[in-house]
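Listed below, chain by chain, are the residues.
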Amino acid sequence: MSPFIKHLILFFILNFGALAIGGFLMGEGPGGEWYQSLNQAPWTPPGWVFGAAWTTIMVCFSFYMAYLLKVDLSQKVILLFALQWILNVGWNPVFFDFHQMLFGLIIIVALTILVGYFLFTYKTALGAKTWLIAPYFIWLCIATSLNAFALLNN
């Protein structure tokens, strides 16, 4: 089995594992009474969009990371991925279970900056494959705006 396929499988496990753990840790999540009672942004997508978006994002991000490791198998890349993983998983319980919108906003802003760092730092090395991380970055920009709206309007 090629190193690329091994890395791809590893990132599928890690990324979808992050979604599963984050989902487990978020309590009632977006369907819960607390979240439903919030004054939400007018551009908040319907609930089904979140599952479809995150599935697409994690498939694309798994390919992105496997391609990135082909050109830069450095400790820096691995540490940045690990930090991204922790921030991604950590936001869910902070926002949904602990109802800490400000701390949630800090986490999601940090995550957005980190994913933006991946996007812009490695675009020369990855070329067109850089587009694989674009859905993640775009979604985080939307999610950040939703978190900020909730904080400012509740």
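Criteria and cut-off values
Residue numbers run consecutively from 1 along every chain, following the written order of its sequence. Local features are withheld for residues below a pLDDT of 70 in this predicted model, meaning they are given only at 70 or higher, and side-chain atom pairs are given and counted only at 80 or more; totals for whole chains, interfaces and linings count all residues. Side-chain numbers come from the whole structure's heavy atoms, not from hydrogens or water. A run of H or I in DSSP becomes a helix once it reaches four residues, and a run of E becomes a strand once it reaches two; helices and strands are each numbered from the N terminus. For each residue, the accessible area found with a 1.4 Å probe, counting protein chains only, is set against the maximum for its type, and the residue is called buried under 20%, exposed over 50%, and partly exposed in between. Should any heavy atoms of two residues lie within 4.5 Å, those residues are considered in contact. Definition of nonpolar core: a set of buried residues of the types Ala, Val, Leu, Ile, Met, Phe, Trp, Tyr and Cys, connected through side-chain atoms within 4.5 Å.

## Thoughts on the side chain of N15
- Mapped onto the fold, N15 is located in helix 1 (residues 3–25).
- What makes N15 buried here is its relative accessible area of 1%.
- Residue contacts for N15: discarding those within four places in its chain leaves M58, F61, S62 and F81.

## Brief notes about the environment of L111
- One can find L111 in helix 5 (residues 101–121).
- Here L111 falls in the buried class, since its relative accessible area comes to 3%.
- Setting aside anything within four residues of it in sequence, one finds L111 in contact with Q84, L87, N88, Y136 and L140.

## Some thoughts on the nonpolar core
- The biggest cluster of nonpolar side chains holds 39 residues, and the ones touching the most others in it are Y64, M65, F118 and Y136.
- Listed by contribution, the elements that provide at least two residues to this core are helix 3 (47–71), helix 4 (75–97), helix 5 and helix 7 (134–152).
- No other element matches helix 3, which puts 10 residues into this core.

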